[in-house]
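Chain by chain, the residues:
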Amino acid sequence: RVTGRIDWSINVNVLAPGTLAWAFESTMKGAVVDLPAPLGKGAGDEMPLRIEGRDEPGPPGTDLITASYGRVAQFVAQRKQDGANALIDRALLSLGRAIEQPDAGRAERPGLWIRGELPVLRADAWIALLPRDTPSATGRQDPGLVLAGADFDVREFDALGVDFSKRGALLD
């Protein structure tokens with residue numbers, strides 16, 4: 001869904017013995033993001049991308065990953081170490097003006113939560129991107145991070161061929 005070449009930089013800081021913080025930054029110029037609005041963009045367009053990671057002071061073995069994509073989206077995830085793997089146990093994706101909310105910088109509840117304040121949302125374009133049920137390498141269905149809830153404030157919203165314009169939706 002993302003193709004092309006971009007310029008980027010990364011900065012890594014040792015905050016204290018055994019404690020790191022890092023930041024990846026790019027203008028994304030040169031990349032095509034083949035996603036529905038509001039995330040898609042052409043190769044000639046700039047959309048500042050910043051992805052940061054830092055160890056959390058507690059509980060031990062947790063870190064916080066934050067990604068911002070222009071003024072369009074922000075993703076925050078708290079991870080826990082599980083042996084050799086780091087698993088996301090809580091995440092918040094904020095879209096549009098929802099990134100301005102005071103609590104947009106923390107994923108407080110388990111699971112994936114999505115919050116959006118957008119002028120337009122065409123859900124069918126996003127539904128088409130959902131993976132079909134495929135077994136994992138173990139033969140089990142692997143749900144990964146499960147959608148726990150969503151809260152959208154959208155002026156124009158359509159899904160499954162139905163126009164739900166000028167209505168709010170809270171999925172919990």
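Definitions and cut-offs
- Residues numbered from 1 in each chain as written.
- Predicted model: local features only at pLDDT ≥ 70, side-chain atom pairs only at ≥ 80, totals over all residues.
- Heavy atoms only, no water.
- Core = buried A, V, L, I, M, F, W, Y, C linked by side-chain atoms within 4.5 Å.
- Buried < 20%, exposed > 50% of the residue type's maximum accessible area, 1.4 Å probe, protein only.
- Helix = DSSP H or I, 4+ residues; strand = E, 2+ residues; numbered from the N terminus.
- Phe/Tyr/Trp six-rings, centres within 6.5 Å; stacked < 30°, edge-to-face > 60°.
- Lys NZ or Arg CZ within 6 Å of the ring centre and 35° of its normal.
- pLDDT = per-residue confidence, 0-100.
- Polar contact = N/O pair within 3.5 Å; in protein donor to acceptor, adjacent residues only side chain to side chain.
- Contact = heavy atoms within 4.5 Å.

Enquirer: Provide a residue-level description of the nonpolar core, including the pertinent values.
Expert: Ranked by internal contacts, the top residues of the largest apolar core, which has 23 residues, are Y69, L95 and F152. If you list the elements that add at least two residues to this core, you get β4 (31-33), β7 (73-82), β8 (85-96), β9 (111-122) and β10 (147-159). Counting five residues, the second-largest nonpolar core is a separate cluster that includes V76, L92, A107 and W113.

Enquirer: Give a detailed account of the packing of aromatic side chains, specifying residues and quantitative values.
Expert: The description of two aromatic rings rests on the distance between their centres and on the angle between their planes. Enumeration over the complete set of coordinates arrives at two aromatic pairs. Summarising the aromatic geometry, the rings of W8 and F24 are spaced 5.7 Å apart at their centres and angled 25 degrees between planes, so their arrangement reads as stacked. Here F24 lies in strand β3 (residues 19-26) and W8 lies in strand β2 (residues 8-16), a separation of 16 residues in the sequence. Since its relative accessible area comes to 18%, F24 is described here as buried. Between F157 and F164, the aromatic rings sit 5.7 Å apart at their centres with planes inclined by 40 degrees, giving tilted as the arrangement. One cation-aromatic arrangement involves R109 over W113; the distance from NZ or CZ to the ring centre is 3.6 Å.

Enquirer: With reference to specific residues and values, describe the confidence of the model for the protein chain.
Expert: Here the protein chain averages 87 in pLDDT, while 90% of its residues score no lower than 70. Within the protein chain, strand β12 (residues 167-171) has the poorest average pLDDT of any element, 59, and β4 the best, 97.

Enquirer: Lay out the side chain of E56 with the relevant residues and their values.
Expert: The topology assignment puts E56 in the loop between β5 (49-55) and β6 (62-69). A polar atom in the side chain of E56 sits 2.7 Å from the side chain of R54. Not counting residues within four places of it along the chain, the set of residues in contact with E56 comprises T62, D63, L64 and R106.

Enquirer: Describe the environment of A43, with residues and values.
Expert: In this fold, A43 is placed in the loop between β4 and β5. With a relative accessible area of 33%, A43 lands in the partly exposed category. Not counting chain neighbours up to four residues away, the residues in contact with A43 comprise K29, G30, A31 and V32.

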